[in-house]
Amino acid sequence: MKDTERRILLGRIVGAFGVRGEIKLESWTEPRTAIFHYQPWILRTPAGQESTLTGARGRQSGKHLVAVFPGITDRDVVEAMYGTEVYVARSALPPPKPDEYYWVDLEGLQVRTVDGVELGRASHLFSTGSNDVLVVQGDRERMIPFVQPEFVVSVDFEANLIVVDWDPEF
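Residues numbered from 1 in each chain as written. Predicted model: local features only at pLDDT ≥ 70, side-chain atom pairs only at ≥ 80, totals over all residues. Heavy atoms only, no water.

Examining the sheet that holds strand β5 (residues 57–61)
Then comes step 1: With respect to topology, seven strands assemble into an open sheet ordered β4-β3-β7-β1-β2-β6-β5, the strand pairing being antiparallel. What marks the edges here is a single partner per strand, and that holds for β4 (50–53) and β5. The average angle at which neighbouring strand axes cross in this sheet is 35°, direction not considered.
Then comes step 2: Bridge analysis of strand β3 (residues 41–44) against strand β7 (residues 85–89) gives three bridges, and the strand direction is antiparallel. The residue bridging I42 from the neighbouring strand is Y87, located in β7. (Pairing = 2+ DSSP bridges. Helix = DSSP H or I, 4+ residues; strand = E, 2+ residues; numbered from the N terminus. Axes fitted to C-alpha atoms, helices over the stretch in contact; angles between N-to-C directions.)

Concerning the side chain of T113
Then comes step 1: Mapping T113 onto the fold places it in strand β8 (residues 110–113).
Then comes step 2: The class of T113 is buried, set by a relative accessible area of 2%.
Then comes step 3: Apart from the residues within four sequence positions on either side, T113 is in contact with L119, V163, V164, W166 and P168. (Buried < 20%, exposed > 50% of the residue type's maximum accessible area, 1.4 Å probe, protein only. Contact = heavy atoms within 4.5 Å.)

Focus on the UniProt feature "domain: Ribosome maturation factor RimM PRC barrel" (unreviewed entry) in the protein chain
Then comes step 1: In the numbering used here, UniProt assigns the feature "domain: Ribosome maturation factor RimM PRC barrel" (unreviewed entry) to residues 103–167.
Then comes step 2: Span residues 103–167 is 6% helix and 52% strand, its end C-alpha atoms 23 Å apart. (UniProt positions renumbered as here; feature names shortened; annotations may be inferred.)

A look at the environment of G116
Then comes step 1: Relative to the elements of secondary structure, G116 occurs in the loop between β8 and β9 (118–127).
Then comes step 2: Assessed through its relative accessible area of 43%, G116 is described here as partly exposed.
Then comes step 3: Between the alpha carbons of G116 and V164 there is a distance of 9.5 Å; along the sequence they are 48 residues apart.

Notes on the pattern of salt bridges
As a working rule, side chains carrying opposite charge can pair if their charged atoms are close by.
Then comes step 1: Tallied over the full model, the rule gives nine salt bridges.
Then comes step 2: With a closest N to O distance of 3.0 Å, D105 and R90 form a salt bridge. Taken together, the positions of D105 in helix α2 (residues 103–106) and R90 in the loop between β7 and α2 put the pair 15 residues apart, joining distant regions of the chain.
Then comes step 3: D139 serves as the salt-bridge partner of R142, at 2.9 Å between the closest nitrogen and oxygen.
Then comes step 4: Looking at D139, the relative accessible area reads 67%, which means it is exposed.
Then comes step 5: One salt-bridge network, held together by shared partners, links R7, R44 and E50. (Salt bridge = Lys/Arg side-chain N within 4 Å of Asp/Glu carboxyl O.)

As for the layout of surface pockets
Then comes step 1: Size it by volume and the largest pocket reaches roughly 840 Å³.
Then comes step 2: W28, E30, Y101, Y102 and W103 are the residues nearest the centre of the largest pocket, which is lined by 26 residues in total. (1 Å grid on protein atoms, 1.4 Å probe; cavity = no way out; pocket = protein on both sides within 12 Å on 5 of 7 lines; lining within 4 Å. Points joined across faces, edges and corners; volume = space filled by probe spheres on them.)

Things to note about the pairing of strand β12 (residues 152–156)
Then comes step 1: Pairing of β12 with strand β13 (residues 161–164), which is carried by four bridges, proceeds in the antiparallel orientation. Note on β13: the bridge partner recorded for V152 is V164.
Then comes step 2: Where β12 folds back on β13, the antiparallel hairpin that results is connected by four residues, among which N160 adopts a positive phi of roughly 60°.

Some remarks on the confidence of the model for the protein chain
Then comes step 1: Residue-level pLDDT values for the protein chain average 92, and 98% of them are 70 or greater.
Then comes step 2: Here α2 is the element of the protein chain with the lowest mean pLDDT, 89, and β8 is the one with the highest, 98. (pLDDT = per-residue confidence, 0-100.)

Regarding the sheet that holds strand β11 (residues 141–145)
Then comes step 1: What the six strands build is an open sheet, ordered β11-β10-β9-β8-β13-β12; its pairing is mixed. Edge strands, defined here as strands with exactly one partner in the open sheet, are β11 and β12. Taken over all neighbouring pairs, the strand axes of this sheet differ in orientation by 35° on average, direction set aside.
Then comes step 2: Where β8 and β13 come together, four bridges link them in parallel fashion.

Structural data, given as structure tokens:
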């Protein structure tokens, strides 16, 4: 069973925009403006303090978004929020399409080769630009290109398993 209340990091406050309390926001959703559809947000400051926010709205502006948070109208308040991360509960995201999944759903799954060799558990994924990479923690850390079906043969959530075509010596 998947953990539906797991938190997903969707973006970060990267500065103030203008003098009226607008917020420059970096979004990792696709499209970037989709971040506004997934609320409430859990805001986590660099110091670890958390608060919940509903009602954020915004627009695209260059490589960032410009957001407005309810009750914030002062640039100094926004500047103090620099580095604050924006999370949502996994359950706030729409269900993935058939044969698709969110990266976070893969984290924690057991990773095994097609020959039955246990490599460890999926720690996380990251993008290199050319392809995504699955990071597996076991007897050592392995980085496996997340290319289907060349390296990643199957993902089975019922069995809690990712099967890869990968030489365990690498």
